[in-house]
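# Fold and contact review
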2 protein chains.
Amino acid sequence: MAKYVYSFGGGTAEGRGDQKELLGGKGAGLAEMSGLGLPVPPGFTITTEVCKEYNKNGGRYPQGVEEQIDAALARLEALQSRKFGERSDPLLLSVRSGGPVSMPGMMDTVLNLGLNHENVEGMIGHGFDQRFVRDCYRRLVSMYGNVVLGVPHDGFERLLAQAREREGVEVDSEISAAGLADLVERYLEYIREEGKEFPQDSRAQLAGSILAVVESWNNRRAFEYRRIHGLPEDSGTGVNVQTMVFGNRGPDCATGVAFSRDPASGERRLYGEYLVNAQGEDVVAGIRTPIAILAADGTSNLGRDFPEAFAELERICTVLEDHRAEMQDVEFTIESGKLYMLQTRHGQRTGLSAVRIAHEMVVEGRIDEREALRRVEGEQLVQMMAPSFDPKEKQAAIDGGGLLAKGLAAGPGAASGRIALSAEAVTEMASEGPVLLVREETSPEDIVGMHASAGILTSRGGMTSHAAVVARGLGKPCIVGAGDLDVRDHELRVAGRTFKEGDYLSMDGTTGEVIAGRLEPRASEVIEAVIEGSDKTAAVRAFRCLLGWADAERRMKVRANADTPEDARIARALGAEGIGLCRTEHMFFEEDRISWIRRLILSGGKDDETQALAALLPMQQGDFEAIFEAMEGLPVTVRLLDPPLHEFLPNDDKSRQRLAEQMGVSVEDVERKAESLAEFNPMLGNRGCRLGLTSPAIYDMQVEAITLAAAKLVKAGKDPRPEIMVPLVGSRGEMERLRERAVAVVTRVLEQEEVDIEIPIGTMIEVPRAALIADEIALYADFFSFGTNDLTQMAYGYSRDDSSRFLPQYIEDGVLPFDPFEKLDQEGVGQLIAMACEKGRAARPGMKIGVCGEHGGEPSSIDFFERCGLDYVSCSPYRVPVARLSAARARIYGEAPVD
Amino acid sequence: MAKYVYSFGGGTAEGRGDQKELLGGKGAGLAEMSGLGLPVPPGFTITTEVCKEYNKNGGRYPQGVEEQIDAALARLEALQSRKFGERSDPLLLSVRSGGPVSMPGMMDTVLNLGLNHENVEGMIGHGFDQRFVRDCYRRLVSMYGNVVLGVPHDGFERLLAQAREREGVEVDSEISAAGLADLVERYLEYIREEGKEFPQDSRAQLAGSILAVVESWNNRRAFEYRRIHGLPEDSGTGVNVQTMVFGNRGPDCATGVAFSRDPASGERRLYGEYLVNAQGEDVVAGIRTPIAILAADGTSNLGRDFPEAFAELERICTVLEDHRAEMQDVEFTIESGKLYMLQTRHGQRTGLSAVRIAHEMVVEGRIDEREALRRVEGEQLVQMMAPSFDPKEKQAAIDGGGLLAKGLAAGPGAASGRIALSAEAVTEMASEGPVLLVREETSPEDIVGMHASAGILTSRGGMTSHAAVVARGLGKPCIVGAGDLDVRDHELRVAGRTFKEGDYLSMDGTTGEVIAGRLEPRASEVIEAVIEGSDKTAAVRAFRCLLGWADAERRMKVRANADTPEDARIARALGAEGIGLCRTEHMFFEEDRISWIRRLILSGGKDDETQALAALLPMQQGDFEAIFEAMEGLPVTVRLLDPPLHEFLPNDDKSRQRLAEQMGVSVEDVERKAESLAEFNPMLGNRGCRLGLTSPAIYDMQVEAITLAAAKLVKAGKDPRPEIMVPLVGSRGEMERLRERAVAVVTRVLEQEEVDIEIPIGTMIEVPRAALIADEIALYADFFSFGTNDLTQMAYGYSRDDSSRFLPQYIEDGVLPFDPFEKLDQEGVGQLIAMACEKGRAARPGMKIGVCGEHGGEPSSIDFFERCGLDYVSCSPYRVPVARLSAARARIYGEAPVD
């Protein structure tokens, strides 16, 4: 017969710590601790197999389970020298669930099983404290009534409150023993009113509790949780039956939780909290405030209150860390000064803590470098690098009704400041302190204001809207698509309140929360230190060290998307090995250039055009020189002009008036031009290489500027490595012609400058058709770079600027499992990428292929790119460390550790 | 040694008619006619091999060619009993090129070879007419000088004009013999001035002419022509050397061309024209007006002028048709009353003629039905069905400067009428005669006006812009993207002229020409007769019969895209076997519905919404009843609402004001709503199934209306076959949820109505991702229907509304070989289609798959769909005959006969 029940306690255990699948996480932990000789109250675990079989067999236990439970109970009684259900000093038990994965919705805990009317009186007669015994019984009846019998919890709460009122006391622990005895009767009456009966028979209590755990597998909340998290339905939960120990038996008793290292900072010291004279559920109920294990002055409160138990707990945590090689999260109870361990598991932690713990465990020789890389997820690095609010301050502000709205968390980090409702206002206000730009949405015209802002907040747009992309590029906190924000008439209306320009707001771009008032963000010391090149704290050292290990493991290069020398420098400091996307249009929006590009657009003829281009050429050349210099010796992929021309014309009447005056044309001319350039679907319009073919002079100028800049640096003894990238190619004809044109310009300029340098000419793969015919396009392209934003837009037919109309609802309703602008859609868009890699390299063996869309910095996407054999990913400068780590994780673990 | 020269004449020939590849088309025709004993002036053909070898060997003839030419010339001299180059009565020759495919740019013809100073005088001495001989010599010198020696043609023209002036005569034929002798001297002098020399040696003349033909293979125009038409570079041309016969030797001589059947009407009678006393080049020069073979009264002019030759020509044409089983286009010369045949080839013809000839040749037993289907191309049917202008009237109007603009030929057919510059104006003016709607572009709001118009003309948009799609659906002539039209301030400005509303214009939607004034279009009798069900003319009978044969051959079904009962009836009359796309949004634009749908959009809450939907339900139900009834027993695929909601709101201030009044809300409310619905890229926005998920009540109402309509007809003993189609699906989640919802409504209504009927629920495949994950989607879709318009838009990333900015230039420059909105892009978009078919049927074997995009009526696309194994194509009602024919051609010939 199969073994369904595993006993533990008394220094041994039938199960092992690695049997998480069979015993559940809790059961395996208990077995492990028992086996290590740690002080675990004895008990037994009913395996997950029982739950599985029960479900498979339509609600029947497999044969022999009851008998095995009886045998385990008998062994337990023998070990403890007490009898379950006995009259004067009975064995009392707890029942807890515990699957391989912790799952909300499962029945959690029933304590004090084994008490009944008869033995409560027997125990009092035997000398047990009357109040303690009656309180234990009261707790059993309400817990059992609620979680096993399904009687509503609030009824018990109501009766408890009435009992306090009757005695005129504030807290439960002040209710008298008589009052508790009366309360038990009222509880039992309440349960009967609900058509149920509390069993007086101890065996019936135990059986009922075990069955309740097994059946809670199928309750709605557990089912939904499994569905959402993709957990298998045919798994199951274990059931842990354990001897009770009591933290509520007097002032030399306590109950608490502890981490073997600080889960916030990662520092190696006991961290946690406890309650004196309390049972576990009191901590959860939140009526009494627990005491921190670590005192404010760095000494230990627990060490002061329970010196022996504290020393024992420290010892046990070290034993567990030695054995499990991971930071542990334990539950403990102190009964009459003696420590008991009730649970151990790997502890949750912040990003900062994760990095530091992983690093130090390598230093301590507990794990190797690869294991350290496995344990830190990309998002934890992001979290570590972002500024943040003090969690308590933020919670207080929210509790005080300060949460105004929630949007999409588009750029991690916290910021607060006075709000500005236009980009111009930001510039005006920025000298007087941090400013948050709040807009319906942003456009390229706002770029200067976005630069000057401390954070960006929009009511429209999705994860790759203009605001989101630019903000991430700038490393600024950003929330987009916060639909409750109503920005108009120079006011921001939200949650029934009105904010004017200059009023304070706070925003948490890591969570998407918009909060009233002025919370103070704490800067990420790590980023600052890394950019400065200092190693000032343990966290910074851990960060550098971990990324060094990542660099040693990864195959893919990591580049950055950067348009300015400043961005390039930051990217390089953060480890970028080149620029994968240098957008040239942003250069056109600067004050001194925009008028020339507008002149170009409004030009009446060849002469105007030539004059405008001649003015723009040296400016672009200067831009490129500075960027190539900043990236000396590393490749810089320059994308030729991408947006449609109408983006460069002003939208409002006043600016058009001004422009007309500047250009010496009529406002009607400006309007007519703007109208003639207007498009129904600009995303699918005359932009990218289409513009390069319909208005070829612009690309010619850009290619000339790139080549001249490179030539100048070469002559100065530098090592510039420019690459020219053509956007939006979708047909062989486009690439063939544009390559031919670009080669002609490059050749001409290099001959004229008498410089010899190789300038590869490649293309973005961002139109679905380009992926489908990648073999044709590869004939004329030295490299490919996937533009996964546009590829996603066109593959799904979602405009990233409009998708906030339905995408949030899609994700909430589970129509889509995630936002495909945030994580690459491997199933659909991924097919196009894999196809393009295969076809491209079939036509041009060994072709260099990268990605420069937003997904280039997202861990699960990076994992996919590694599998596709891409040569590099390129992402926002502040994402470079994440990409370095993720590329290593992808290389080491293949498909496994997707965040 | 290989045979390079094939002699013909004297009732025999070394070559055969089927050796077109070897001898060229002309050479094969001459050999064939010779072999049939027809009166062909003897000669020989130098094979295409010689040209090929010449090019392959860097400009050297293969060994033995010269010897074989000499031998053939000797045989010819013997046959004709005259010597080439002889002094008094020499053999004179012509040299003409002739490849397997006729190719502009190749050297064409040199006549009268063999004349020189010496034998011209000898012939005159021998009794030949002096003027005739000197004219022949004059022609030789100028032709040889131009085409062989490369001396500019205009110099010869100038000298000829001076000669006329000197003698004070009007036409060349009045120049005296002395004047011609003088002219020859001046020609020779001119040639010498150009650094060339006219050879007096006859053999040198012949060799030079042959070499000029061979070398003309590599001239630029021929090369470009081969490139554009995809003809192989390694093919070659033949050279035909033939005894001269003279149509210019006196009044009993003539030269002409003839068709064995009327190339316009297809009627079986000789058709063509001739010039008395003329040589071939005179016809081309256009100085004298040729005489029609067929007189206006139905008698034959040629029969009157040359009775014997005419009878002989009729006989020969019958012989040739008997032999070649095709309508022939022949060149002939009558010398001294005797007929000579110079060429025969298959004749070009109009659509009408193609259909009638193909039909009658089957009836006559010349060809079988399949061959008839091979000979009629889809576009010829389109041409046959479209109204047209009288070609002479149109040419006269154009010659008179009436051509105002050219746009894209978006809807075939001719129309003329007074112009209206708004849809409302069309409705107002339509009762007083035909009206042309002229707009910058059209939108769904214009639908009523478009219906009422005789033709539609826009300055923007491409082949699948709103105007183009609707116009083709309505079978109306349409020109789009005519960028020269400037419509504003209630005026149309074009080509420096201004037209007001009510002025007359004419438009030819088959060619894209916009013409000033009022040309009278001739209706297509075929369409009218077929819809009426009459068989009144031979053309109508041929049309019906041919399509009957097509129906017997094709595998794919043909359905129509139709939104109204009227369209459904027309489609059925034209052979549609169902409706593949019944758009439901058009129903919403009708006067009594639009206010309800607007009420729905502006609704403040659940009650308003419910009321609006309750009002719309019976209207939609009524629409569906009428359409299901019209298509009784045939499937009708109803597409649920597709466009974004903002399309239903008015754009202009006046209409918004009116709407606000109607709805009892403020204008600001209307504006705010419109603004909140506005999208940057509506094509990629909240529409289709996204709307179905974000505003589910609309789809529920539509599904209920469909089911109620079907139930009602079933109860009335009818056989409705509705199919429900969900648009824009791109993920499994969308289809899964919407199917579930639709099934619930269908089930509820059918139970309530106590009717049992199967209503399949399928989806469009129009988003690239849908094709990529078609196996997932197929799990929830009973059928697929490709929406190739959107699929093309998204695969290329081209907005069909904006692509006129670059697409015309792309096609003109050869960046793209064709407009992918017109012909399916098999290379790119086709991959998605093939993939979706394969994956869809892998997941759901035998799944019904069709296409309902614009390509469903385009022959080359239909050919591709046949190869993909689609079950049906669906197209505009007026395209149904084309689709029937093309589906049969695709089935019979596979990839071959792509138009």
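Presented here is a report on the structure given in the accompanying data block. A quick note: this is a predicted structure, and the numbers were derived from the prediction, not measured.

## As for the packing of aromatic side chains
We describe a pair of aromatic rings using the distance from one ring centre to the other and the angle between the two ring planes. What the rule picks out here adds up to 28 aromatic pairs over all chains. On the numbers, 6.4 Å between centres and 80 degrees between planes, the contact of tyrosine 274 of chain A with phenylalanine 306 of chain A is edge-to-face. With tyrosine 274 of chain A in strand β8 (residues 271-276) and phenylalanine 306 of chain A in the loop between α11 (301-305) and α12 (307-324), the pair connects residues that are 32 residues apart, well separated along the chain. Assessed through its relative accessible area of 1%, tyrosine 274 of chain A is described here as buried. A relative accessible area of 6% means that phenylalanine 306 of chain A is categorised as buried. An aromatic cluster is defined as three or more aromatic residues linked by ring pairs; in this entry it consists of Tyr796, Tyr798, Phe806 and Tyr810 of chain A. We note arginine 226 of chain A situated over the ring of tryptophan 217 of chain A; from NZ or CZ to the ring centre the distance is 3.9 Å. The residue whose ring lies beneath lysine 338 of chain B is tyrosine 340 of chain B, and the NZ or CZ to ring-centre distance is 4.9 Å.

## Notes on the interface of chain B and chain A
Often, the extent of an interface is quoted as the loss of accessible area upon association of its parts. Contacts between the two partners involve 53 residues from chain B and, on the opposite side, 53 residues from chain A. Here chain B and chain A share an interface that buries about 4600 Å² over both sides, 51% of which is from carbon and sulfur atoms. For the interface between chain B and chain A, the tally reads six salt bridges. Two residues, aspartate 825 of chain B and arginine 769 of chain A, come together in a salt bridge whose shortest N-O distance is 2.6 Å.

## A closer look at the relation of the copies chain B and chain A
For the pair chain B and chain A, the superposition axis carries a translation of 0.2 Å, the fit reaches an RMSD of 0.3 Å, and the rotation angle comes to 180 degrees. One copy is carried onto the other by what is essentially a two-fold rotation axis. Minimal C-alpha distance to the rotation axis in chain B is attained by asparagine 681 of chain B, lying at 2.2 Å. The share of interface residues of chain B whose copies in chain A are also at the interface is 100%, consistent with both copies meeting through the same surface.

## Here we look at the sheet that holds strand β20 (residues 497-500) of chain A
Residues and elements named next belong to chain A. Across the sheet, three strands lie side by side as β18-β19-β20; this open sheet has antiparallel pairing. The open sheet has two free edges, formed respectively by β18 (486-488) and β20, since each of these has just one partner strand. The mean angle between the axes of side-by-side strands here comes to 20 degrees, regardless of whether they run parallel or antiparallel. Here four bridges tie strand β19 (residues 491-494) to β20, and the two strands are oriented antiparallel to one another. Bridge pairing in β20 links leucine 492 to phenylalanine 499.

## What to know about the side chain of arginine 554 of chain A
All names here are of chain A. Note on placement: arginine 554 falls in the loop between α21 (538-553) and β23 (557-561). At 2.9 Å, the side chain of arginine 554 and the side chain of glutamate 577 are in polar contact. Other than its neighbours up to four places away in sequence, arginine 554 contacts Glu577, Arg884, Ala887, Ala888 and Arg891.

Parameters at a glance
- Residues numbered from 1 in each chain as written.
- Chains lettered and ligands numbered in written order.
- Predicted model: local features only at pLDDT ≥ 70, side-chain atom pairs only at ≥ 80, totals over all residues.
- Heavy atoms only, no water.
- Phe/Tyr/Trp six-rings, centres within 6.5 Å; stacked < 30°, edge-to-face > 60°.
- Helix = DSSP H or I, 4+ residues; strand = E, 2+ residues; numbered from the N terminus.
- Buried < 20%, exposed > 50% of the residue type's maximum accessible area, 1.4 Å probe, protein only.
- Lys NZ or Arg CZ within 6 Å of the ring centre and 35° of its normal.
- Contact = heavy atoms within 4.5 Å.
- Buried area = accessible area lost by both parts, 1.4 Å probe.
- Salt bridge = Lys/Arg side-chain N within 4 Å of Asp/Glu carboxyl O.
- Least-squares fit on C-alpha atoms with pLDDT ≥ 70 in both.
- Pairing = 2+ DSSP bridges.
- Axes fitted to C-alpha atoms, helices over the stretch in contact; angles between N-to-C directions.
- Polar contact = N/O pair within 3.5 Å; in protein donor to acceptor, adjacent residues only side chain to side chain.

So yeah, pure geometry; function would need other evidence.
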